[in-house]
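Coordinates in review
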Amino acid sequence: MGEISPAQVDGISIHRIPKPTSPVRDIESEVEDQWIGLMCILQGLRRVTTPDLDEPIIKKSTQQDIADIRSLSTPDIPRPISTVIQEAHAIFDHRSRTNHTGFFSFTPANVTPLTWLGDVIVSAFNAHCSGSLTAAGPCAVETELIKWFSSRIRFSSTAGGLFVSGGSIANMMAMTAARDQKLEWQNYSKGVIYIARQAHYSVFKAARILGFHSNQVRTVDSDNFGRLNSDCLKHLIQNDKRNGLIPFLVIATFGYTETGLIDPLATISEIAQRESLWLHIDGAYGASLSFSLNRSSLATQLSTADSVSWDAHKLLFQTYGCGMLLVRDKSHLVSSFHAQSSFMDHTSRVKEDEPELWDMGVELTRPSRAMSLWFTLRVLGTERIGQLIDHGMDLVGLIQLKLEAMHGWEIITPASLGIITFRYNPTQRKGQDEKLEKMNKDISRILLDTNTAAVMTVRVNGVLALRICCTNVRLTEEDVLELMRSMGEVASKLSSA
Ligand SMILES: *Cc1c(COP(=O)(O)O)cnc(C)c1O
């Protein structure tokens, strides 16, 4: 055979074109051959959703543990699938069991086995959820679900939104839309944002990412419970206007992460309207209250917002990475997140008034987060969604009654949206107090060291408090009564020591 002249492939000279064979065939047959064994492993994964009581609520990993895990981090020789699944178990062992019934800190995972079953289905289909061209079905469900959630908070038919990875991104997108609607670009440096002192740190972070200098962000004082003080807000706005600045955005919180409390939304929304500010309500934690069977009236003020963040991985039973941004007028998202490109085919649009999802947010390639949630909600039905959300809030109500009846405990902020903060204060001291701080930190530590419960501390207006967040759907009345008993026991031992 004569010499063939070298071809240029990827800019490299190739003398002999290789005959491509599918490198995936042996992976597929390995899965096929081991399918029965893999089914058993999947069956075992079901137990992960409901950890045993004696599993570590917060795993304490030694340096050696972490070194061992690092050694599993990178590929070298091929390994059997079942071995690597065992490795995954070993790696994930080093985590907080946020779904353990003894986990009461941060926001406990509120998941059922339905949750990850939905995820498995979503992963298997792996639809490219950028728009109707690649995922007409899932995108249609996403659009309808967003409409349905919008109507829950009484947004009108102009409303819309998008599923995103969580509250932080939703907040940042809302702040982007606020900037674009309220400020001429020449005035970006004069815009001022108002954020309560106790607001979630993601909004401070987003302000910086969006290019606002720290002197364009006003920290609004809190009231005694850590909620936004509206008199202070008014005062700051007037002052900034006098100085030639342009107040354009106020961020209120529906369900503070620390306390579950809700800002005085009626007053804030009145101020926002009068001053023509964009009102963003961070409902990442609390907006799911709209589904409560007996508390949803608390959520009516959400309808006054221009935008609302809403996490489905907090109270709506989803695994992490599932949140929403809802906006009063979906065209505002399109103005901020649309860009011209020869790559994107705008002729594929289903309906003129239904923008493609790729024009409404930051991501192009994205999973169908809406379909995971859809799966859970569709199985549960509307009424059970409400019951499950009320469950944790009822339990926290019970905890409050118990604390009021037990000797020596002081409630710092009352039960709200499934959260209560309190401290052990047997001698009824006032305000900040070093001795009390140490005692309450000790209570938290002992509960954790004995694997009884993860009840962490927070500061509410300077006062160190214990915080219980009860959102795990598997928690029972007995569980919380047992927790109160253990807490009482630990506290009285400490104070008599
Ligand atoms: C959790 C939370 C956030 C952040 O949401 P992520 O989903 O963690 O990004 C923002 N605001 C509030 C009030 C929250 O509770």
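Refer to the structure above for everything that follows.
Residues numbered from 1 in each chain as written. Predicted model: local features only at pLDDT ≥ 70, side-chain atom pairs only at ≥ 80, totals over all residues. Heavy atoms only, no water.

1. Topic: the overall build of the protein
Helix and strand counts for the protein come out as 15 helices and 13 strands. A compact globule built from 497 residues would reach a C-alpha radius of gyration of about 23 Å, and the protein, at 26 Å, matches this within 12%. With the principal axes as the frame, the protein shows a C-alpha extent of 100 × 60 × 45 Å. Long-range pairs, those at least 24 residues apart, make up 71% of the contacts in the protein with a sequence separation of at least 6. Total accessible area on the protein is roughly 25100 Å²; 55% of this is exposed by carbon and sulfur atoms. Distance between charge centres in the protein, computed from 49 positive and 54 negative side chains, equals 5 Å. (Helix = DSSP H or I, 4+ residues; strand = E, 2+ residues; numbered from the N terminus. Rg over C-alpha atoms; globule rule 2.2 N^0.38 Å. Contact = heavy atoms within 4.5 Å. Areas by Shrake-Rupley, 256 points an atom, 1.4 Å probe, with all protein chains shown as cover. Lys, Arg positive; Asp, Glu negative; His and termini not counted. Charge placed at Lys NZ, Arg CZ, Asp CG, Glu CD.)

2. Topic: the sheet that holds strand E12 (residues 457-460)
Pairing in this open sheet of four strands is antiparallel, and the strands run E10-E11-E13-E12 from one edge to the other. Either end of the sheet is taken by a strand with one partner, and the two such strands are strand E10 (409-416) and E12. Each adjacent strand pair in this sheet contributes to an overall mean axis angle of 35 degrees, direction not counted. Note: strand E11 (residues 419-424) against strand E13 (residues 463-469), four bridges, orientation antiparallel. Across the sheet, the residue bridging to isoleucine 420 is isoleucine 468, located in E13. Against the sheet, helix H13 (residues 382-405) touches E10, E11 and E13, its axis set at about 160 degrees to E10. Helix-sheet contacts for helix H15 (residues 477-496) involve E10, E11 and E13, and the interaxial angle to E11 is about 25 degrees. (Pairing = 2+ DSSP bridges. Axes fitted to C-alpha atoms, helices over the stretch in contact; angles between N-to-C directions.)

3. Details of the pattern of salt bridges
Here the structure, examined in full by the defined rule, presents 30 salt bridges. Residue aspartate 93 is joined to arginine 97 by a salt bridge in which the shortest nitrogen-to-oxygen separation is 2.6 Å. When its relative accessible area of 24% is taken as the criterion, aspartate 93 is described as partly exposed. Judged by its relative accessible area of 3%, arginine 97 falls in the buried class. What you see here is one network of salt bridges that share partners, running through Lys60, Lys438, Asp442, Arg445 and Asp449. (Salt bridge = Lys/Arg side-chain N within 4 Å of Asp/Glu carboxyl O. Buried < 20%, exposed > 50% of the residue type's maximum accessible area, 1.4 Å probe, protein only.)

4. Considering a nonpolar patch on the surface
On the surface, a cluster of nonpolar side chains totalling about 410 Å² of accessible area is made up of Trp35, Met39, Leu42, Leu45 and Val48. Here tryptophan 35 lies in helix H2 (residues 35-45). (Patch = residues over 30% accessible without salt bridge, like charges linked within 9 Å, V, L, I, M, F, W, Y side chains within 5 Å.)

5. A short note on the site of the ligand
In the vicinity of the ligand there are 14 residues, among which Ser168, Asp282, Asp311, His313 and Lys314 approach most closely. Between the ligand and threonine 257, the relevant distance is 3.0 Å, taken from an oxygen atom to a side-chain nitrogen or oxygen of the residue. Aspartate 282 is positioned with one of its side-chain polar atoms (N or O) 2.6 Å from a nitrogen atom of the ligand. No other element matches the three residues that helix H7 (residues 167-182) contributes to the shell around the ligand. Taken together, the residues that form the shell around the ligand break down as two nonpolar, nine polar and three charged. (Near = heavy atom within 4 Å. Polar contact = N/O pair within 3.5 Å; in protein donor to acceptor, adjacent residues only side chain to side chain. Nonpolar A, V, L, I, M, F, W, Y, C, P; charged D, E, K, R; others polar.)

6. Examining empty space enclosed by the protein
Within this structure, the stated rule accounts for three cavities of 30 Å³ or more. Lining the largest cavity, in full, are Thr143, Ile146, Lys147, Ala159, Gly160, Gly161, Lys330, Asp353, Glu354, Pro355, Leu357 and Met360. Only helix H6 (132-152) and strand E3 (160-164) provide two or more residues apiece to the lining of the largest cavity. In terms of residue count, the dominant contributor to the lining of the largest cavity is H6 (three residues). The residue makeup of the lining of the largest cavity, split by class, is five nonpolar, three polar and four charged. (1 Å grid on protein atoms, 1.4 Å probe; cavity = no way out; pocket = protein on both sides within 12 Å on 5 of 7 lines; lining within 4 Å. Points joined across faces, edges and corners; volume = space filled by probe spheres on them.)

7. Comments concerning the packing of H7 against helix H11 (residues 330-337)
Interaxial distance between H7 and H11 falls to 9 Å at its minimum, and their mutual angle equals 85 degrees. By the angle class used here, H7 and H11 are roughly perpendicular. Contacts from Met173, Thr176, Ala177, Asp180 and Gln181 in H7 reach His332, Leu333, Ser335, Ser336 and Phe337 in H11. Class assignment of the residues belonging to the contact of H7 with H11 gives a composition of four nonpolar, five polar and one charged. (Parallel < 35°, antiparallel > 145°, perpendicular 65-115°, else oblique.)

8. Quick look at the pairing of E10
Pairing of E10 with E11 involves five bridges; the strand directions are antiparallel. Looking across to E11, one finds that glutamate 410 is bridged to arginine 423. If you look at the hairpin formed by E10 and E11, you'll find two residues sitting between the two strands, and leucine 417 has a positive phi there, around 50 degrees.

9. Points about the nonpolar core
Judged by nonpolar contacts, the single largest core of 57 residues is most densely connected at Phe149 and Leu316. Tallying contributions element by element places helix H12 (residues 369-380) first for this core, with five residues. If we skip the residues at most four places from it in the chain, phenylalanine 149 touches Phe163, Phe291, Trp310, Leu316, Met324, Leu326, Leu373 and Leu377. Membership of the second largest hydrophobic core comes to 25 residues, among which are Tyr424, Ile443, Leu466 and Cys470. (Core = buried A, V, L, I, M, F, W, Y, C linked by side-chain atoms within 4.5 Å.)

10. Points about the packing of H2 against helix H4 (residues 81-92)
The interhelical angle for the contact between H2 and H4, taken along N-to-C directions, is 10 degrees, at an axis separation of 11 Å. Here H2 is positioned roughly parallel relative to H4, judged by the angle of their axes. Judged by residue contacts, Leu38, Ile41 and Leu45 of H2 engage Ile81, Ser82, Ile85 and His89 from H4. Considered class by class, the residues forming the contact of H2 with H4 number five nonpolar, two polar and no charged.

11. A short note on the side chain of threonine 376
Within the secondary structure, threonine 376 sits in helix H12. Sequence-distant contacts of threonine 376, defined by excluding residues within four places in its chain, comprise Leu114, Thr115, Phe317 and Gln318.

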